[in-house]
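What the coordinates show
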Amino acid sequence: MYVRHWTNASLILLLASGGLATPASVHAQSTEHANSQLTAQRYHFSIHPQTADKTLIEVATQAKTTLLFPFELAQQVALPGVEGVYTLEEVLQHLLVNTPLAINTDENGFLTIVQRQVLPPPSNNDELPDAVLIAATEETLPQFERISVLGTRASARGAYDSAVPLDIIALDQPFFQGSQNMLDALTQTVPSLNVNAQTTNDAAMLVRPANLRGLASDHTLTLLNGKRRHRSAVITFLGGGLSDGAQGPDISVLPVSAIEQVEVLRDGAAAQYGSDAIAGVMNFKLKSAPESGSFTLTSGQHSAGDGEMIGVQYSQGMGFEGGGFLHISTEFQQQQPTSRSVQRSDAQSLIEAGNSFIANPAQQWGSADMDSDLKLAVNTAVPLSNGTEWYSFALGTLREMEGEFYFRNPQTRQGVFVTDNTTGPRQLLIADLDGLGQGIACPVITLGNENVLTTPAFLQINDPSSDVGRNCFAFNEWFPGGFTPRFGGKVKDGSWYTGVRGDLGNDWFFDVSAGVGYSGIQYYIDNTVNPSLGPDSPTSFNPGGAAQLEKNASVDLVKEVDAQMYQPVTLAMGIEWRSELYKQVKGEEASYVVGTFAQNVTGVHSGFSVGANGFPGYRPETSGQWQRSNRAVYVDASIPFSAEWLFGAAIRAEDFSDFGTHLDGKFSARWQFTSSMALRSSVSTGYKAPTVGQSNIINISTKFGLNGLEDQVTLPPSNPVAKQLGASALAPEESTNISVGLVAKVKSVAQLTLDFYQIRLSDRISTTSAIPLSEDTIDLLLAQGFKEAETYRSAKYFTNDFDTLTRGMDLIFHWRFASGDWQNDLLASVNWTDTQVTRVTLNDTGASEDTNLTRQRIRMLEDNLPAWRANVTLNQQFGPNELSWRLNYYGSFYEDHLDAAAGLDIESGGRFTLDARWQYAFTPVWGVTFGVNNLFNTQPDINPYQFVAGAKYPSTSPGGIDGSYYFAAINAKW
C-alpha cells in the first residue's frame, strides 16, 4: 500500500479528478506538459500566503500544468502570497527566492522543483516578500507523496493530510509486476481487500467478487478518472456466502498498463458519490503523460508445472501541438488452468469396481483456463480555450474463460443416469425410444455398488446390433465414466466518457460530462447434455447470457469562497442522472427445451431432467430486459477553519424510479494537535440500491446439497412462488459508518496511521439459503411454465435478508531509511475486520418457521474472510538493482465446504507467504524482472473432506490454493 513512494529524484505530483472539476484537477495536465512553450505563456496568479506544498499545487492549477517537487520539504517552507500576471517560471522564481527550493530546467525545457544544494543569500527583492523556512535540518530528507482529491473536492491532498483513511497506490511499484490482473495486484496491496478463488462456482469464476472491509463486492463504488464505473452483468449466485446475490463491478477488466495510480478511500462516501459507496471507493487514474511509454513481456508458471501464463503490455503517450495529450494502452494475456485436486471417493469406488473410464481426477479444482484476455484503454484531453479543456477516455475488454463444474457420477447422478432415489432403490434411467408400453420393452436395471457397465442388461442396451440396443438408450453409453461439464463465457466490457471542464471565472470551476458503460457475457457449456432429449441431445450448448448497460450524465460546480479562514472554503455542488438496464438473453433452444423423455411429458414419467445439465439455458419466458433511472443532487463543503482544523460536510438526495427517494449525509474532521500528530474522524450514512438484475433475474444452478448434487432455482421477489415462500419487494440497504483515526509523523522519514471503523448495515440484499420446495410450490412453478420444475429440489429468492455490524482496524507504518549504499523503503500494513450478523429474516413456508439463512451461511458471512490480514513490504535499491520482499499473513477462517450446509465445516488456520522481486536496469530504458509469489510454497490446511468432491484444500482459502508462482519479465520505460 504505497501511500508514499520515494525515488532518488523528484516524483510526479499526481492530481486525480475525483469526479469533479476542482482547483486541483481542472487544469492538471501530464508531467511533461511544462515545456518551453508553456513557460513562455503568461497566467493570472492569485495565491495567498501558505506552505510551499499548497502553493505549488495552486501554481500548477492556475498554470494548467503539473509540477514535480519534494513534498515533505515543501511542507516545511512558508511562502508569501502573489497576485498578478506572470509566466510559470517568473512566478516560481519570485516565490522560491531565499528558500531551500529551486527551479530546475532540463534540456527540453521541462520544469521541476528540486532541493537547493546551498541555501542562497538573502535577497532584497521588493516585488514579493521573502519566504520563510519553517524547519530544516541536515537530517531533513525530501519525501515525495502522491496526491489525491478522492476524499474531498477541495485542493488535492496527500494520504496523511486527509480527514478520512485514504491509500494512494503507485502502479510503478515492483509488486504489480507479475500480478496477472488488477484484482490480484490490489488484493496483495490492500489488506482490507479480499478476493477468494472461485472454483466450480458458476459465473463467479468469470467475474470474481472483491470484498473491501468484510462487505460484499457491490458495497464498494468503483470510479475511473473520478467517474462512476458500471457494474458487471454477472450476478454472483454462488459467491461463497458473503457475495451470494451480489452484482458488483468487474475490476479485473482494467488494464494494469493503463493505470497510473489507484486511490482507495476506506470510508463511507454515499453522500459524496452515491449508491454503493458503503465500504469505500476505489478510483483508478489513467495515464496521461504525453511522451512517456512502456513495454512489458512476461511469462511464468506455478511450481506444480501448470498455470502457464504469457502476457504483453504496451503503453504510449503523445502530445499535441498547442497542448493536450493522447495516451493509449493495450495488453494481451493467456493463462492455462491449474489443478489442486485429489480423486473423489465416489470416482475411486467406481474405479475399484472395474470402471476404467473414470478420469483421474474426475473433477479439477483450481484456477480457470483463460483462453484470451485483450484490453485497450485510451485517455485524451485537449485545451479548448483559456481555462477550459475537452477530455475523453474509453476502455474495452474481450475475454474468454472456462472452468469445470461438479463431476456427474454415472451411477448416482439423478435425472441423467439414474432415477430419483428418494422413494426407493436407484434405477438406471433408460429412454424407451418407441414409447413406454409400446413395441420392445426396455429392461429395468437396479443399481448397487457393482459396475453397471458389466451387467448383462446394460450390455444388451449398449449393443447397437440388438433390437433392445436400438430401442433403448442410457447416457452411460456416451459417458461410461460419467462427465464433468466445462462451463465458460465470453466477456465484453466497455465504457466511454467525454466532457468539458474548466474555469468559469470568479473562482468557479465546472465539469460537464456524459458516459456509457456496458458489460455483456455470453455463456457456453460443453461436455454435457440436455437429458430430456435423449440420444438427440447435443453435447455443447449456448445457454444465453446477460448484459448491463448504464448511462451517466452530470454537471458539477466548485466554488472557492473566501470566508476569512485559514484557506478558502471549497463548496461543491452538482446534479447527476443515471440509467441502468439489465438484460437476460435467451439461450439456444436445445439448452432449455423440454424433450420427449422429460418428467411428466404426455403424462408419462420418464425421469430425465430438462436443460443443459449444469447450467440450463435461459428460456424465452425468463428472458427480457428491465430498466430504471435515478436523479441526484448533492452539496459538498471542505472547510479549512485553521491550520489545525479541517472540516468536511456533504449531503445528497437521490430519487430512483423504482423505489423512491433517499437522503444521506457525511461529516468529517481533522485536528492537527501537534506538529507531528493529528486526529481524524468521520460519521456518515449510506445506502445501496437494489440492482435491476436482482429485482428481476431468474436463474437455475446445480450445487451440492444434503443429498448430493441438486438443481436450485433463484427467483426474483416478484415471482408468485417467491412470494409464497415469504418474499417482498426489495428495499435499499442502509448503513451508518463511523471512523476514528490517528496520523503520526514519527520522523521526517516515517509515518504511521491507525484507523478504527464501524459499519452498521441493515436490510442487506442477498439470496436466501436454499428453501426445500413442496408439491404446492412445484405445481405453482409448473403453472408458470417451468416445465422442468419437478427436477428442482429447492428455491432461493432475493430479499433484504439480514443486518450486520462490522468493526475493524487499519494500521499502516511507512519508514524510509538508508543502510550503507542501500536505500530502503519499509511499509507495514495490518487489518482486523470482524462482522457479526445481528438480525436474520424469518420465513414461514406453512410447515415451520425458520430463518432465511442457515447456520453455515451465517458463519460464512462472519468468518469466511480472515479476521486478521497483514503484510510487510521492503524495497531496497542499490545502483541498477532493486530488491523487493513482501511477507503476507492470512488469518484463520471458516468454510462451509461446497456451500452444502451438510456438516462439511472447515476450521482452517492462518498461514504466511513470502513474495520476492529482483529488478535490474541494463540501461535507463531497458531492464528485467525476476519474481516469485509464495516463495516457500506454503499452502492452506488440507481439506478434511477432500475426497467428497476432490478439493485438496478449502476452495475459499485467502491467498489462493495454487502455491508458488515464478515469472520473468522484460520491460522498458521511456
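Presented here is an overview of the structure given in this document. Sequence order sets the numbering: in each chain, residues are counted from 1 along the sequence as written. In keeping with the model being predicted, local features are shown solely for residues with a pLDDT of at least 70 and side-chain atom pairs are shown and tallied solely at 80 or more, while totals for entire chains, interfaces and linings include all residues. By convention in this description, side-chain values take in all heavy atoms of the structure and omit both hydrogens and water.

Describing the packing of aromatic side chains
In this analysis, rings of Phe, Tyr and Trp, with Trp reduced to its six-membered ring, are considered paired at centre separations within 6.5 Å, and the interplanar angle assigns stacked below 30 degrees, edge-to-face beyond 60, and tilted for intermediate values. Applying the stated criterion across every chain yields a total of 31 aromatic pairs. Aromatic side chains tryptophan 365 and tyrosine 406 sit 6.1 Å apart centroid to centroid with 70 degrees between the ring planes, which places their arrangement in the edge-to-face category. Of this pair, tryptophan 365 sits in the loop between helix H7 (345-352) and strand S20 (369-385) while tyrosine 406 sits in the loop between strand S21 (388-404) and strand S22 (431-432), and the two are 41 residues apart along the sequence. With respect to class, tryptophan 365 is no different from tyrosine 406; both count as buried. One aromatic cluster is present, formed by Phe417, Phe473, Phe475, Trp478, Phe479, Phe483, Phe597 and Phe608 through successive ring pairs. Should the NZ of a Lys or the CZ of an Arg lie within 6 Å of a ring centre and within 35 degrees of the ring normal, that charge is described as sitting over the ring. Cation over ring: arginine 859 sits above tyrosine 894, and NZ or CZ is 4.0 Å from the ring centre. If you follow arginine 886 out to its NZ or CZ, it ends over the ring of phenylalanine 175, 4.2 Å from the centre. Secondary structure elements follow DSSP: runs of H or I of four or more residues count as helices, runs of E of two or more count as strands, with numbering from the N terminus. Residue burial is assigned from relative accessible area. The probe radius is 1.4 Å, only protein chains are included, and a residue is buried under 20% of its type maximum, exposed over 50%, and partly exposed in between.

Let's talk about the environment of asparagine 888
With respect to the element layout, asparagine 888 can be found in strand S42 (residues 881-890). Along the backbone, asparagine 888 and leucine 914 are 26 residues apart, and their C-alpha atoms lie at a distance of 6.2 Å. With residues up to four places along the chain from it excluded, the contact list for asparagine 888 reads Gln188, Ala870, Asn871, Arg911, Phe912, Thr913 and Asp915. We call two residues in contact when some of their heavy atoms are within 4.5 Å.

Brief notes about the pattern of salt bridges
Any Lys or Arg side-chain nitrogen found within 4 Å of a carboxyl oxygen on Asp or Glu counts as a salt bridge. On inspection of all chains with the given rule, the structure shows 39 salt bridges. As a salt-bridge pair, arginine 213 and aspartate 810 come within 3.2 Å of each other at their nearest N and O atoms. Separated by 597 residues along the polypeptide, arginine 213 in the loop between strand S12 (211-212) and strand S13 (220-224) and aspartate 810 in strand S37 (residues 792-819) bring together distant segments of the chain. Considered together, arginine 213 and aspartate 810 belong to a single accessibility category, that of buried residues. Taking the shortest distance from any N to any O, the salt bridge between glutamate 576 and arginine 652 comes out at 3.1 Å. Of this pair, glutamate 576 sits in strand S27 (residues 569-585) while arginine 652 sits in strand S29 (residues 645-656); the two residues are 76 residues apart in sequence, bridging distant segments of the chain. A residue is classified by how much of its surface remains accessible, and arginine 652, at 2% relative accessible area, is buried. Through salt bridges with shared partners, one network takes in Arg228, Arg231, Asp276, Glu550, Glu576, Arg578, Glu580, Arg628, Arg652, Glu654 and Asp658.

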